[in-house]
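Structural overview
Residue-level listing of the chains:
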Amino acid sequence: MRLGVTMFSTDLAMPVPDLARAAEERGFSSLLLPEHTHIPVSRRTPPAGGQAVLPEEYKRTVDPLVALGAAAAVTTRIRLGTAILLAAQREPIVTAKAVATLDHLSGGRVMLGIGFGWNVEEIENHGVPYRERREVARRNVLAMRALWSREVASFEGVEASWSWPKPVSGPPVYVGGAAGPKMFAHVAEYAEGWMPIGGKGIKAALPALREACEKAERPMAEVIPIGTLPTQEKLDYFAGLGIEEVVATLPSGPAGRVLPVLDSYAERFLS
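Residues numbered from 1 in each chain as written. Predicted model: local features only at pLDDT ≥ 70, side-chain atom pairs only at ≥ 80, totals over all residues. Heavy atoms only, no water.

Tallied over the full model, the rule gives five aromatic pairs. When the centroid spacing of 4.6 Å and the interplanar angle of 45 degrees are considered together, the rings of Phe8 and Tyr58 count as tilted. In this pair, Phe8 sits in the loop between strand E1 (2–6) and helix H1 (16–25) while Tyr58 sits in the loop between strand E2 (30–33) and helix H2 (64–73), placing the two residues 50 residues apart along the sequence. Tyr58 sits in the buried class, given a relative accessible area of 12%. Arranged with centres 6.0 Å apart and planes meeting at 50 degrees, the rings of Tyr237 and Phe238 form a pair that is tilted. In textbook terms, an aromatic cluster arises when at least three aromatic residues are bridged by ring pairs, as seen for Phe8, Tyr58 and Trp118. Lying over the aromatic face of Tyr130, Arg133 brings its terminal NZ or CZ to 3.9 Å of the ring centre. (Phe/Tyr/Trp six-rings, centres within 6.5 Å; stacked < 30°, edge-to-face > 60°. Helix = DSSP H or I, 4+ residues; strand = E, 2+ residues; numbered from the N terminus. Buried < 20%, exposed > 50% of the residue type's maximum accessible area, 1.4 Å probe, protein only. Lys NZ or Arg CZ within 6 Å of the ring centre and 35° of its normal.)

Attention shifts here to the pairing of strand E3 (residues 79–86). The two faces of the sheet receive side chains in turn, since in a regular strand these alternate between them. Buried residues dominate E3, accounting for seven of its eight residues. In this sheet, E3 lies alongside E2 in parallel orientation, the contact comprising four bridges. From the neighbouring strand, Ser30 faces E3, where its bridge partner is Arg79. Relative to strand E4 (residues 110–115), E3 runs parallel, the two being bridged by five bridges. (Pairing = 2+ DSSP bridges.)

Turning our attention to the sheet that holds E4. Taken in spatial order, the eight strands line up as E9-E8-E7-E4-E3-E2-E1-E10 in an open sheet, and their pairing is parallel. Of all the strands in the sheet, the pair left with one neighbour each is strand E9 (222–223) and strand E10 (245–249). The pairing of E4 with strand E7 (residues 173–176) spans three bridges and is classified as parallel. In the strand pairing of E7, Gly113 is matched with Tyr174.

Looking now at the nonpolar core. Within the largest apolar cluster, 71 residues are counted, with the highest numbers of intra-cluster contacts made by Leu31, Ile114, Trp194 and Leu209. Per-element tally for this core: the top contributor is helix H5 (residues 133–149), with eight residues. Residues within four places of Leu31 in sequence aside, it is in contact with Val5, Val16, Leu19, Ala20, Leu68, Ile78, Arg79, Leu80 and Gly81. Listed in part, the ten residues of the second largest apolar core include Ala83, Leu86, Tyr174 and Val247. (Core = buried A, V, L, I, M, F, W, Y, C linked by side-chain atoms within 4.5 Å. Contact = heavy atoms within 4.5 Å.)

A word on the environment of Arg2. Within the secondary structure, Arg2 sits in strand E1. Each C-alpha atom, one on Arg2 and one on Ser29, is 5.8 Å from the other, the two residues being 27 residues apart in sequence.

All right, on to the layout of surface pockets then. If you add up the space inside the largest pocket, you get close to 990 Å³. When contributions to the lining of the largest pocket are tallied by element, the ones reaching two or more residues are E3 and H5. Of the residues forming the lining of the largest pocket, the biggest block, three residues, is contributed by E3. Looking at side-chain class alone, the lining of the largest pocket contains 19 nonpolar, eleven polar and five charged residues. (1 Å grid on protein atoms, 1.4 Å probe; cavity = no way out; pocket = protein on both sides within 12 Å on 5 of 7 lines; lining within 4 Å. Points joined across faces, edges and corners; volume = space filled by probe spheres on them. Nonpolar A, V, L, I, M, F, W, Y, C, P; charged D, E, K, R; others polar.)

Moving on to the packing of H2 against helix H3 (residues 92–106). Interaxial distance between H2 and H3 falls to 10 Å at its minimum, and their mutual angle equals 10 degrees. Our classification of the angle between H2 and H3 gives roughly parallel. Touching Leu65, Leu68, Gly69 and Ala72 of H2 are Thr95, Ala98, Val99, Leu102 and Ser106, all from H3. Across the contact of H2 with H3, the residue classes tally to six nonpolar, three polar and no charged. (Axes fitted to C-alpha atoms, helices over the stretch in contact; angles between N-to-C directions. Parallel < 35°, antiparallel > 145°, perpendicular 65-115°, else oblique.)

Ile84 follows Ala83 through a cis peptide bond whose omega is 5 degrees. Tracing the backbone shows Ile84 in strand E3. In the segment running from Trp164 into Pro165, the intervening peptide bond is cis, with an omega of 5 degrees. Turning to its location among the elements, Pro165 is positioned in the loop between strand E6 (158–161) and E7.

With that settled, consider the packing of H1 against H2. Following both chains from N to C, one finds H1 and H2 inclined at 50 degrees, their axes separated by 8 Å at the closest point. Classified by the angle between their axes, H1 and H2 sit oblique to one another. Crossing angle aside, the handedness with which H1 passes H2 is right-handed. When H1 is examined against H2, the residues Val16, Pro17 and Ala20 are found in contact with a partner set consisting of Ala67, Ala70 and Ala71. Of the residues belonging to the contact of H1 with H2, the class tally is six nonpolar, no polar and no charged. (Left-handed = near helix turned anticlockwise from the far one by under 90°.)

For the pair Tyr58 and Ser42, spaced 16 residues apart in sequence, the C-alpha separation works out to 14 Å. What Tyr58 contacts, discounting residues up to four positions off in sequence, is Phe8, His36, Ile39, Gln51 and Trp118.

On their own, these measurements won't tell you what the molecule is for.
Below, the structure written as structure tokens:
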């Protein structure tokens, strides 16, 4: 099984290029970064995951695509991606160009995890009504895929256009979030896989995901659990479900806090 890592990268945490190089040296398969463009101070929306207080790192996240560009410059093998990029909050033409450029310069190592977002006021600050965020994200991803794959691409609101560079790898798109009919409809329509957070309930959800993919006449989606606190028992369980890659969580902090955890994972699961 491949083991990747993810960290809330901030201006106070271990620099992404250093983390990417350390992860590659230890044999990890991927490095994925989350995204928040900003956090409105009103805090109308309660923190995700039932937390009483929003952790400090949510306020300080770096731009994932810029950070991964720096990581690409100092690595050669590790896959670089997002988990997750907030697709409804991004203008698709500029984002398609940035992702394609990153994939081109990294030699096809990008994997794009996208999601819909949970912070109502953050989403609304981008001019997107909260209830419409899924459809806006869908439209944006379809627009980006058109720009990546076609010599001349057009879509809603954009006339026939050229856009280069084209990505080397596609890149593969994964949709992050909880299981359900809406989630699996998105995965089956325009993604290569599903990125559930943690991993609870995956076994029960797999039949519905398979059914959605069959209905769309597409291959079964790849499943990559993200933000996992790994144990050998958990990784064996995932392997038994046919899962080939898991992304383990790292603390958001300086190198002195991050590297011991990275070393522990490597010693226990990659040796």
